[in-house]
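Coordinates in review
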Amino acid sequence: MAKRVRYNGGTQSFYGCSEPTKLVIGKEYEVIRSNDRGFQTDYTLKGVDGEFNSVWFDEISSEDKVYMAIAHKVPVIDERYSCYKIDFVNGQLKLSCCSTSNVKEINYMGNNIYRVTTRNSVYIVSVC
């Protein structure tokens, strides 16, 4: 399976490499070649000319990150979303305050439950 990465907006590098002017922050790319130069690894990306510093990218796992959460407000497209992620630790319910990246997509599922898609994750949110 091909390695997938997301450009995070980085521009600095130890060794020279291509300027990131052709890259779009938040866009996913497929790595077709990786060049380890010691202090820096450069990626060659499918469909983009040049070599780019690997630290400018976040790796994308093959599995979506899906969380259950509760919130007090309905999500809004292109805004960060504040909610409480629900986790179970040693059989105990744990709520963690969370501020997501900007919301990309919202699907209303009924009964005040929303499927909220952000840049990196999916949240199944009960709004109360």
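Refer to the structure printed above.
The structure reproduced in this document is the subject of the present report. (Residues numbered from 1 in each chain as written. Predicted model: local features only at pLDDT ≥ 70, side-chain atom pairs only at ≥ 80, totals over all residues. Heavy atoms only, no water.)

**A look at the pattern of salt bridges**
The condition is simple: What counts as a salt bridge is simple: a side-chain nitrogen of Lys or Arg found within 4 Å of a carboxyl oxygen of Asp or Glu. To qualify as a helix, a DSSP run of H or I must reach at least 4 residues; to qualify as a strand, a run of E must reach at least 2; elements of each kind are numbered from the N terminus. Buried means the residue's accessible area, taken with a 1.4 Å probe over protein chains only, is under 20% of the maximum for its type, while exposed means over 50%, and partly exposed covers the values in between.
The tally for this structure, following the rule as stated, stands at five salt bridges. Of the charged contacts in the structure, one is a salt bridge between Arg4 and Glu28, with a shortest N-O distance of 3.4 Å. One end of the pair, Arg4, is in strand E1 (residues 3-7); the other, Glu28, is in strand E2 (residues 28-36), with 24 residues separating them in the sequence. With its nearest N and O atoms 2.6 Å apart, the salt bridge here joins Arg37 to Asp42. A relative accessible area of 1% places Asp42 in the buried class. Within this structure, Arg4, Arg6 and Glu28 form a network of salt bridges that share partners.

**Quick word on the environment of Val76**
Going by this rule: Only heavy atoms matter for contacts: two residues are in contact if any of them lie within 4.5 Å across the pair.
Among the secondary structure elements, Val76 is positioned in the loop between strand E6 (65-71) and strand E7 (82-89). When the C-alpha positions of Val76 and Lys94 are compared, they lie 25 Å apart, and in sequence the two are 18 residues distant. Those residues in contact with Val76 that lie beyond four places of it in its chain are Val103 and Ile106.

**Let's talk about the pairing of strand E9 (residues 103-110)**
Stated formally: Strand pairing is assigned whenever DSSP identifies at least 2 bridges connecting the two strands.
Two elements, E9 and strand E10 (residues 113-118), share six bridges in a ladder whose sense is antiparallel. Looking across to E10, one finds that Glu105 is bridged to Thr117.

**Digging into the sheet that holds E9**
Rule in force here: Axis definition: a line fitted to C-alpha atoms, over the contacting stretch in the case of helices. Angles run 0 to 180 degrees between N-to-C directions.
If you walk across this open sheet you meet the six strands as E8-E7-E6-E11-E10-E9, and the pairing is mixed. Strands with a single pairing partner mark the edges of an open sheet, and in this sheet they are strand E8 (92-99) and E9. Geometrically, the sheet is characterised by an average inter-axis angle of 30° between neighbouring strands, direction not taken into account. When E10 meets strand E11 (residues 121-127), the two strands line up antiparallel, connected through five bridges. Following the sheet pairing, Thr117 is matched in E11 by Val122.

**Comments concerning the sheet that holds E1**
Strand order in the open sheet made by the five strands is E4-E3-E2-E1-E5, with antiparallel pairing throughout. Strands with a single pairing partner mark the edges of an open sheet, and in this sheet they are strand E4 (51-53) and strand E5 (57-59). The mean angle between the axes of side-by-side strands here comes to 50°, regardless of whether they run parallel or antiparallel. Across five bridges, the pairing between E2 and strand E3 (residues 41-45) is antiparallel. Its bridge partner being in E3, Ser34 is matched across the sheet by Tyr43.

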